[in-house]
Amino acid sequence: MIGKDALLEMFYLMVKIRRVEERLLDLFAQGKIPGFIHVSIGQEAVPVGVCSCLKPGDFISTTHRGHGHALAKGADLKRFMAEIFGRRDGYCRGRGGSMHVASSELGLIGSNGIVGGGIPISLGTAFASVYKGNDRVTVSFFGDGASNEGTFHESLNLAALWDLPVVFCCENNEWAEFTPKSVHMRIEKISERATSYGIPGVTVDGDDVLSVLEEAARAIARARKGEGPTLLECKTHRWFGHFAGDAQKYRSSKEIEEAKGFDPLLRFQETLFKLGTLKPEDVERLELKVRSEIDEAVAFALNSPIPADESLLEDVYSTD
Amino acid sequence: MREVRYIRAVTEALREEMARDKMVFIIGEDVGLSGGSFSATRGLLEEFGERRVKDTPISEAAITGLALGAATQGLRPVLEIMFMDFLTVCMDQIVNQIAKTRYMSGGQYQLPLVIRTPCGGGLNAGPQHSQCLESWFAHVPGLKVVMPATPYDAKGLLKAAIRDDNPVLVVENKALYGTKGEIPEEEYLVPLGKAEVKREGRDVTVVATSRMVHEAMEAAGTLSKEGTEIEVIDLRSISPLDKETIFRSVEKTTRLVVAHEAVKAFGVGAEISALVSEEMIDCLDGPILRVGAPFAPVPYNLENAYLPRSTDVVKAVKRSLAY
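Residues numbered from 1 in each chain as written. Chains lettered and ligands numbered in written order. Predicted model: local features only at pLDDT ≥ 70, side-chain atom pairs only at ≥ 80, totals over all residues.

Sorry, what's going on with the overall build of chain A here?
In terms of helices and strands, chain A carries 11 helices and 8 strands. By the compact-globule yardstick of 20 Å for 320 residues, chain A fits well, its C-alpha radius of gyration being 19 Å. Oriented by its inertia axes, the alpha-carbon framework of chain A measures out at about 55 × 50 × 40 Å. In chain A, buried positions account for 53% of the 320 residues. (Helix = DSSP H or I, 4+ residues; strand = E, 2+ residues; numbered from the N terminus. Rg over C-alpha atoms; globule rule 2.2 N^0.38 Å. Buried ≥ 20, exposed ≤ 12 C-beta atoms within 10 Å, placed from the backbone.)

I keep staring at the domain arrangement of chain B and nothing clicks. Help me out?
A common measure of how large an interface is: the accessible area buried when the components associate. All names here are of chain B. Segmenting chain B into domains produces domain 1 (2–183) and domain 2 (196–322). When each unit is reduced to the centre of its C-alpha atoms, the spacing between domain 1 and domain 2 is 26 Å. Counting from both sides, the interface comprises 25 residues of domain 1 and, opposite them, 24 residues of domain 2. Counting residues per element, the ones that place at least two in the side of domain 1 that touches domain 2 are α5 (134–138), β6 (144–146) and α6 (151–163). For the side of domain 1 that touches domain 2, a count of residues per class yields 13 nonpolar, 9 polar and 3 charged. (Domains from an automatic or database assignment. Contact = placed C-beta atoms within 7 Å. Nonpolar A, V, L, I, M, F, W, Y, C, P; charged D, E, K, R; others polar.)

Would you mind showing me how to read the packing of helix α3 (residues 60–72) of chain B against helix α4 (residues 91–104) of chain B here?
Helix-helix packing is characterised by the crossing angle of the two axes and by the distance between the axes. Residue and element names in this part refer to chain B. Contact pair α3 / α4: the axes reach a minimum separation of 10 Å and the direction vectors enclose 5 degrees. With respect to α4, the element α3 is oriented roughly parallel. Contact residues: A61, T64, G65 and L68 in α3; D92, Q93, I94, Q97, I98 and T101 in α4. Of the residues assigned to the contact of α3 with α4, the class counts are 4 nonpolar, 5 polar and 1 charged. (Axes fitted to C-alpha atoms, helices over the stretch in contact; angles between N-to-C directions. Parallel < 35°, antiparallel > 145°, perpendicular 65-115°, else oblique.)

Looking at this structure, how should I read the sheet that holds strand β5 (residues 114–119) of chain B?
Whenever strands of a sheet pair, they do so through backbone hydrogen bonds, lying parallel or antiparallel. Residues and elements named next belong to chain B. Ordered by their spatial adjacency, 7 strands build an open sheet running β3-β2-β4-β5-β7-β6-β12, and the pairing between neighbours is mixed. With partners counted over all chains shown, the strands left at the sheet margins are β3 (53–55) and β12 (237–239), one partner each. Going across the sheet, the axis of each strand differs from the next one's by a mean of 20 degrees, ignoring polarity. With 5 bridges joining them, strand β2 (residues 24–28) and strand β4 (residues 76–80) adopt parallel strand pairing. In the strand pairing of β4, F25 is matched with P77. (Pairing = 2+ DSSP bridges.)

Sorry, what's going on with the nonpolar core here?
By size, the foremost hydrophobic cluster in this structure holds 191 residues, and its most contacted members are M14 of chain A together with V206 and V257 of chain B. Per element, the largest residue contribution to this core is 10 residues, and it comes from helix α1 (residues 4–29) of chain A. Residues within four places of M14 of chain A in sequence aside, it is in contact with E44, A45, V48, V209, P264, L265 and F268 of chain A. (Core = buried A, V, L, I, M, F, W, Y, C linked by C-beta atoms within 7 Å.)

Just checking my understanding: could you explain the sheet that holds strand β13 (residues 256–263) of chain B for this structure?
Residue and element names in this part refer to chain B. Taken in spatial order, the 5 strands make up an open sheet running β9-β11-β10-β13-β14, and their pairing is mixed. Every interior strand has two partners, whereas the edge strands, β9 (196–199) and β14 (289–293), have only one. Strand-to-strand twist across the sheet, computed as the mean angle between neighbouring axes with direction ignored, equals 25 degrees. Bridge analysis of β9 against strand β11 (residues 230–234) gives 3 bridges, and the strand direction is antiparallel.

Sorry, what's going on with the interface of chain A and chain B here?
Taken together, the contacts link 33 residues of chain A with 35 residues of chain B. Listing elements by their share of the side of chain A that touches chain B, those giving two or more residues are β2 (108–110), α5 (118–132) and α6 (150–161) of chain A. The greatest single-element share of the side of chain A that touches chain B, amounting to 9 residues, is contributed by α5 of chain A.

Right, here's the structure in full:
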């Protein structure tokens, strides 16, 4: 059984991810954030459900749509925001931005701008755990689109072969950038692909955080015991476009409205109301707390200096 | 001193570094049981065990990414990619991931990893097993690229590469694997980023890489009989590039030829030529000339016509002097 505090922490994280990304969309629309951003609104149950099962020493690798994973793995909102603004106090001193938030101290190996690019890298941290004889687990997050990349298949095979302590978490939001799943793969369940590699494959309702947590806990425990990898498919829904500003002309408004009907935040809130763990006034209080955290983080980011031009040559190589 | 083959010098470097540092491990296709396609890792599985010598599926992208992830945790992977041509199938991992991880993480990660791979023709291996692609990788900030031409450097550069905290591509040469050379009994390293003057001369500087170092030395012998003394520089490191050694030599000779086996166009020779003309054109008494392969894939059947040889170096030197 999950304790009340743990449930409330999960709810807080889901609210936080949702509101942070809503704010990012606003800030982006105002032209205050450089580059481009990809939000995961509607998919919050996956990072929160999975990362709630991880220990601080565990690793995750994630994708261009990785804000939720970073925050669920414990990223400090101020440093996270400063990174997105390209500022000195960001996790990567602003070098990476929205698509490349990484933190060695949090075990966040990296977010990745290349679809499927992070999957093989997660084999490496998992391999290091085996090599060093510790029980640190790696979770590799990627989308349905990435499961058509060669790296996905190579990585599942290798991890299966060597019983690497890794969980392959496929966030199936039914869209590979601008292309629906029906146009990019034949099979219904992505988890079936696990069969080819001789590992368990599970499909879970990825908009139900407690279901995600239950299956993730099983997969992570299996990895931690040295029993090898699992392919965990979380079926979820992307509400917004591939990137902020994408008008989604390739999607019907009916389908988008249907996607929003799966709202993982609302569903979890109702569950917690029913359990008596949460009351409407708690939600109000929580929303205020989150809003002020975001205000503070944005102010922190805007106050953090943009690194000097001369610093651009630093860290191309290690000179230690 | 003792004489060893190039390939055994590679094995010695691997064995010594594995014995020295428990974080060093070997990963690649056929590196364990079979001892490697060119036998570079022969005996290492028996000596160090399966934990540290990892045979893998034919999945270059996965094993390259694995090396990266392991390196972020302080391991020191030595990855073998069987032929340089096969680097193309793990290009994303090398160029977008390995080369950029340190930079885009703001310096949080060090990547002490080595990719060993053999380049070059001479074995009639055909268009997909004979390329010299070093300039592609030297063009990418974040990577180091070295090309040993002798057993001495094959050992010393590899050892230095394994100890370096950056990703290093060690480009060996298949045609040189069987060649012999002297190495000392005692341990030594060859620093990355340092070229070596192999033969001093006053008339023309010839900067050469990998197999072309030997061709340049042969050319030096031929030319010497005719009264022309060339200075042969073995570049050894492509990136970082030892500009100082090249510039010092060109100041003396005032003439420069660059020789590599890679396709001449857009190659390392073009870079060196550009650097010298940008920074010391006043010193030059003739055009900078390049010796390299023609703009064609490496043919299976016409390798002799394709591969640059000492005679090409001789021709270039004479042309330079005739100017």
